[in-house]
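# Chains, contacts and geometry: an overview
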Amino acid sequence: MTKRQKKKAEKLKREAIHEMLDLALDINGLQKSKRDITGDHPTAFFYMSGHIGEVEVQVHTKGWYADEFPDIRVRARIDDDPSRAVQKLREVKAVSKERRV
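Not measured: the values here are computed from a predicted model.

## Some remarks on the nonpolar core
Ranked by internal contacts, the top residues of the largest apolar core, which has 17 residues, are Met-20, Ile-27, Val-57, Val-59 and Leu-89. Here Val-57 is in contact with Met-20, Ala-24, Phe-45, Phe-46, Ile-72, Arg-73, Val-74 and Leu-89, once residues within four sequence places are set aside.

Take a look at the structure:
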């Protein structure tokens, strides 16, 4: 792989990771999102673990509450193609948007 191809591949991965963050923000919104405050509005958590090269988004579809596990976990390894994770988050966003309407 040439230097240019490596740079392009890295750019595409970065764009996909940025989109994962954007989708998490779209699902969650910018407000504090706890079931006591927002009811059953979905709550999303975005994690980046640089030490293992992984990005994870956790979604509590009926709102977050302490000591509950997320309903959905979407992970992407930074050294792999994150496009499947992005597609899954797009689907989660679409479903959560339908629930709010």
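## Some words on the packing of aromatic side chains
The full count for this structure, using the stated rule, is 2 aromatic pairs. Aromatic rings pair up to connect Phe-45, Tyr-47 and Trp-64 into one cluster.

## Some words on the pairing of strand E2 (residues 54-60)
Counting buried positions over the 7 residues of E2 gives 7, a clear majority of the element. Here E2 shows no split at all, with Glu-54, Glu-56, Gln-58 and His-60 on one side and Val-55, Val-57 and Val-59 on the other all buried. Sheet analysis places strand E1 (residues 43-49) next to E2, joined by 7 bridges and oriented antiparallel. Residue pairing for E2: Ala-44 is matched across the bridge by Val-59. The antiparallel pairing of E1 with E2 creates a hairpin that spans 4 residues between the two strands, and Gly-53 there sits at a positive phi of about 65°. Pairing geometry for E2 and strand E3 (residues 72-77), over 6 bridges, is antiparallel.

## Notes on unusual backbone geometry
Although it is not a glycine, Asp-67 adopts a positive phi angle of roughly 65°. Turning to its location among the elements, Asp-67 is positioned in the loop between E2 and E3.

## Some details on the sheet that holds E3
Strand order in this open sheet of 3 strands is E1-E2-E3, and the pairing throughout is antiparallel. Sheet topology places E1 and E3 at the edges, where each strand pairs with a single neighbour. For this sheet, the mean angle separating the axes of adjacent strands, direction not counted, is 10°.

## Here's the deal with the pattern of salt bridges
The final tally for this structure, using the stated rule, is 6 salt bridges. Residue Glu-56 pairs with Arg-75 through a salt bridge whose shortest N-O separation is 3.3 Å. Here Glu-56, found in strand E2, pairs with Arg-75, found in strand E3; they are 19 residues apart in sequence, far enough to count as distant. Here Arg-75 falls in the partly exposed class, since its relative accessible area comes to 48%. Here Asp-79 ties to Arg-77 by a salt bridge, and the two come within 3.9 Å at their closest N and O atoms. Within this structure, Glu-54, Glu-56, Arg-73 and Arg-75 form a network of salt bridges that share partners.

The rules behind each value
Counting from 1, residues in each chain are numbered in the order their sequence is written. A pLDDT threshold of at least 70 governs which residues receive local features in this predicted model, and a stricter bar of 80 or more applies before side-chain atom pairs are shown or counted, although totals over entire chains, interfaces and linings include all residues. With hydrogens and water set aside, each side-chain value is computed from the structure's full complement of heavy atoms. Each nonpolar core is a collection of buried residues, namely Ala, Val, Leu, Ile, Met, Phe, Trp, Tyr and Cys, held together in the definition by side-chain atoms within 4.5 Å. Residue burial is assigned from relative accessible area. The probe radius is 1.4 Å, only protein chains are included, and a residue is buried under 20% of its type maximum, exposed over 50%, and partly exposed in between. Throughout, a residue-residue contact means that at least one pair of heavy atoms, one from each residue, lies within 4.5 Å. For Phe, Tyr and Trp, rings pair up if their centres lie within 6.5 Å, where Trp contributes its six-membered ring, and each pair is then called stacked (planes under 30 degrees apart), edge-to-face (over 60) or tilted (otherwise). Here a strand is any run of E in DSSP of at least two residues, a helix any run of H or I of at least four, and the numbering for each starts at the N terminus. When DSSP finds two or more bridges between two strands, those strands count as paired. Think of each axis as a best-fit line through the C-alpha atoms, taken over the contacting stretch in the case of a helix, with angles from 0 to 180 degrees between the N-to-C directions. Any carboxyl oxygen of Asp or Glu within 4 Å of a side-chain nitrogen of Lys or Arg constitutes a salt bridge here.

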